[in-house]
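Fold and contact review
Each chain, written out:
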Amino acid sequence: METALYLIPVELGETPVSQVLPSYNHEVILGIKHFIVEDVRSARRFLKRVDKEINIDELTFYPLNKHTSPKDISTYLEPLQKGLSMGVISEAGCPAVADPGADVVAIAQRKKLKVVPLVGPSSIIMSVMGSGFNGQSFAFNGYLPIDPSERTKKIKQLETRAYTESQTQLFIETPYRNHKMIDELLRTCRPQTRLCIAAGITCPEEYIRTRSISEWKNAKDLPDLSKIPSIFLIYKDK
């Protein structure tokens, strides 16, 4: 295994590691003693799910979240610069995608250190795959504004882009506000605009459905999404 900063995906939800992560990831993880992580406790639990025999006490963890100072982040790659491989672990899915891990990857790139992204589940990519929308041009917009008027304005902007640029628009919401988001989309978007709701991807409760806004208004099969991470995608009517 060559010395590098390895970007290590984490399974989504309660999906068994063996179902979504290749065996090569396991080999890489066993060769790393230094991990940059979004949350130390969840990272430790993830590593134990990968291999129960891992000696957690032999590992060093560097927390990387919104509270981490730029000064601390700038020192995190010192082991890598000394020839020791390091891993980046997110809370779920792929690190550095809508994730603070991007900051340390940027530093590694500036320092010309080798960065190796590993294969794993990405809810963003998988939702595009399952939507039936344009997979050649799409944009992930993260969280929309909380203010109702600003959120409505943003939804209309994204819908316009879907039509004028033929670009799939993706965004997310805090799970307990998922149903408010759906209600807002049904009120704001054109009847013919297509909406895909992709929830619990790779998990037992996985739900991926694409319908027009008018069809969603009459749908009776929407599950309770108040505790399930979901991605919303909108695209123009074909």
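Overview of the structure.

This part takes up unusual backbone geometry. Residue Lys112 is not a glycine yet carries a positive backbone phi of 60°. Along the chain, Lys112 turns up in the loop between helix H6 (101–110) and strand E5 (115–117). By relative accessible area, Lys112 is classed as exposed at 74%.

Attention now goes to the sheet that holds strand E4 (residues 86–89). As summarised here, the arrangement of the five strands in space is E3-E2-E4-E1-E5, forming an open sheet in which the pairing is parallel. Single-partner strands in this sheet number two, and they are strand E3 (60–63) and E5. Within the sheet, the average angular offset between the axes of one strand and its neighbour, ignoring direction, is 25°. Sheet analysis places strand E2 (residues 34–37) next to E4, joined by four bridges and oriented parallel. In the strand pairing of E4, His34 is matched with Met86. Sitting on the sheet, H6 touches strand E1 (5–8), E2, E4 and E5, and the angle it makes with E1 is about 155°.

Before going further, it helps to examine the sheet that holds strand E6 (residues 138–143). The strand order across the open sheet built from five strands is E6-E7-E10-E8-E9, with neighbouring strands paired in mixed fashion. Of all the strands in the sheet, the pair left with one neighbour each is E6 and strand E9 (207–212). Averaged over all pairs of adjacent strands, the angle between strand axes in this sheet comes to 15°, irrespective of strand direction. The pairing of strand E8 (residues 194–199) with strand E10 (residues 230–235) spans six bridges and is antiparallel. Each residue of the ladder has a partner; that of Cys196, found in E10, is Leu233. Of the strands in this sheet, E6, strand E7 (168–172), E8, E9 and E10 touch helix H7 (residues 123–131), which is tilted by about 45° from E10. Helix-sheet contacts for helix H9 (residues 178–188) involve E7, E8 and E10, and the interaxial angle to E10 is about 10°.

With that settled, consider a nonpolar patch on the surface. Among the surface-exposed residues, Ile125, Met129 and Phe138 lie close enough to one another that they form a single nonpolar patch of about 300 Å² accessible area. Locating Ile125 in the fold gives a position in helix H7. Exposure remark for Ile125: the relative accessible area of 41% places this residue in the partly exposed category.

One finds Ile8, Phe35, Phe46, Leu47 and Ile89 to be the most contacted residues of the largest nonpolar core, which totals 23 residues. At the level of secondary structure, the elements contributing two or more residues to this core comprise E1, helix H1 (17–20), helix H2 (23–30), E2 and helix H3 (40–50). It is H3 that contributes the most residues to this core, four residues altogether. Residues in contact with Ile89, not counting those within four places in the same chain, are Ile8, Val10, Phe35, Ile36, Val37, Glu38, Ala43, Phe46 and Leu47. Membership of the second largest hydrophobic core comes to 19 residues, among which are Met181, Cys189, Ile197 and Ala199.

Each value, and the rule that gives it
Sequence positions are assigned chain by chain, starting from 1 and proceeding in written order. Residue-level local features of this predicted model are given only where pLDDT is at least 70; pairs of side-chain atoms are given and counted only at 80 or more, and the full residue set underlies all totals for whole chains, interfaces and linings. The basis for every side-chain value is the complete set of heavy atoms in the structure, and neither hydrogens nor water enter the calculation. Labels follow the DSSP assignment, with helices taken as runs of H or I lasting at least four residues and strands as runs of E lasting at least two, numbered in each case from the N terminus. Here's how the labels work: a residue is buried when its accessible area is under 20% of the maximum for its type, exposed when over 50%, partly exposed in between, all with a 1.4 Å probe on protein chains only. A pair of strands is labelled paired if DSSP reports no fewer than 2 bridges between them. Angles here are taken between N-to-C directions and fall from 0 to 180 degrees, while the axes themselves are lines fitted to C-alpha atoms, restricted in helices to the stretch in contact. Here a residue-residue contact requires only that any non-hydrogen atoms of the pair lie within 4.5 Å. Surface patches are defined over residues having more than 30% relative accessible area and no salt bridge, joining like charges when they lie within 9 Å and nonpolar side chains (Val, Leu, Ile, Met, Phe, Trp, Tyr) when within 5 Å. Each accessible area is a Shrake-Rupley estimate made with a 1.4 Å probe; only the visible protein chains count as cover when residues are assessed. Throughout this description, the term salt bridge denotes a Lys or Arg side-chain nitrogen within 4 Å of a carboxyl oxygen of Asp or Glu. By nonpolar core we mean a set of buried residues, namely Ala, Val, Leu, Ile, Met, Phe, Trp, Tyr and Cys, connected to one another through side-chain atoms within 4.5 Å.

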